[in-house]
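# Topology and contacts: notes
Listed below, chain by chain, are the residues.
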Amino acid sequence: MRPVAAHEPSPKLLSADALARIEREAAKFPPERRQSAVMAALQIAQLEHGWLRKELIEEVAALLGMPAIAVYEVASFYAMYHLAPVGRHKLTVCTNLPCALSGATAAAAHLRRRLGIGFGETTADGEFTLKEGECLGACGDAPVLLVDNHRMCSFMSDDKVDALIDELKAPAPPAAADR
Ligand code: FES
């Protein structure tokens, strides 16, 4: 039987589609282990709302039968979750020692200059949030940059950083016409 949540959040923020997707993730585990889907559920919630406000965390907690504080602990531990609003694009640069010794410090300085913001800040136009990240598992490709949690960019010279920012700022191309 599904554990009873401490309290039901209100109002409900997640769409029916997000609720169904979370339920599918939770169903991958035995009923008494629904909480094992917490990372997937947080990702689904964040994709839908952009960031994880307190009420959203409470809703995920209730869905998985977990204390809200336990869900918050997960959300606050991993850099891929946002506990505050972020820009349209999130740029995470690894500044750990192996990368720092291979140009990451200079790449980070160029990024800060180009965007006019520091780590943990968002540009005034809401386009970019800059984050300092831990090892991204690509130390040999330093400087490395992760875009929106899923696109890895390697060997980021100043020119490549500039090209990336220009590309991300550009409006999305229209859908291809039927041929
Ligand atoms: S230390 Fe930067 S990717 Fe590993």
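Residues numbered from 1 in each chain as written. Predicted model: local features only at pLDDT ≥ 70, side-chain atom pairs only at ≥ 80, totals over all residues. Heavy atoms only, no water.

Moving on: the overall build of the protein. When you go through the protein residue by residue, the secondary structure sums to seven helices and four strands. In the protein, buried positions account for 37% of the 179 residues. Summed over all atoms, the accessible surface of the protein reaches about 10,100 Å², with 57% contributed by carbon and sulfur. (Helix = DSSP H or I, 4+ residues; strand = E, 2+ residues; numbered from the N terminus. Buried < 20%, exposed > 50% of the residue type's maximum accessible area, 1.4 Å probe, protein only. Areas by Shrake-Rupley, 256 points an atom, 1.4 Å probe, with all protein chains shown as cover.)

The buried fraction of strand E1 (residues 89–94) is high, at six of six residues. Judged by which residues are buried, E1 turns out to be covered on both faces: His89, Leu91 and Val93 on one side and Lys90, Thr92 and Cys94 on the other are all buried. When E1 meets strand E2 (residues 128–133), the two strands line up parallel, connected through six bridges. Within E2, the residue paired with Leu91 across the bridge is Leu130. Of the strand pairs in this sheet, E1 and strand E3 (residues 145–147) are connected by three bridges, and their pairing is antiparallel. The residue of E3 that forms the bridge with Leu91 is Val147. (Pairing = 2+ DSSP bridges.)

Right, let's get into the side chain of Thr123. Relative to the helices and strands, Thr123 resides in the loop between helix H6 (104–115) and E2. At a separation of 3.2 Å, a polar atom in the side chain of Thr123 contacts the main-chain amide nitrogen of Glu127. Not counting residues within four places of it along the chain, the set of residues in contact with Thr123 comprises Leu115, Ile117 and Phe128. (Polar contact = N/O pair within 3.5 Å; in protein donor to acceptor, adjacent residues only side chain to side chain. Contact = heavy atoms within 4.5 Å.)

The next thing to look at is the sheet that holds E2. In space, the four strands of this open sheet follow the order E2-E1-E3-E4, with mixed pairing throughout. With partners counted over all chains shown, the strands left at the sheet margins are E2 and strand E4 (151–153), one partner each. This sheet shows a mean twist of 25° between the axes of neighbouring strands, independent of strand direction. Those strands touched by H6 are E1, E2 and E3, and its axis lies near 155° from that of E1. Sheet strands in contact with helix H7 (residues 158–169) are E1, E2, E3 and E4, and its direction is about 150° off that of E4. (Axes fitted to C-alpha atoms, helices over the stretch in contact; angles between N-to-C directions.)

Moving on, we come to a nonpolar patch on the surface. A surface patch of nonpolar side chains, amounting to about 280 Å² of accessible area, comprises Ile69, Tyr72 and Leu83. Along the chain, Leu83 falls in the loop between helix H4 (68–77) and E1. (Patch = residues over 30% accessible without salt bridge, like charges linked within 9 Å, V, L, I, M, F, W, Y side chains within 5 Å. Salt bridge = Lys/Arg side-chain N within 4 Å of Asp/Glu carboxyl O.)

Next up on the list: the environment of Glu59. With respect to the element layout, Glu59 can be found in helix H3 (residues 54–64). Distance from Glu59 to Lys12, taken between C-alpha atoms, is 7.1 Å for residues 47 residues apart in sequence. A polar atom in the side chain of Glu59 sits 3.2 Å from the backbone nitrogen of Leu14.

From the geometry alone we can't say anything about function, so treat these as descriptive.
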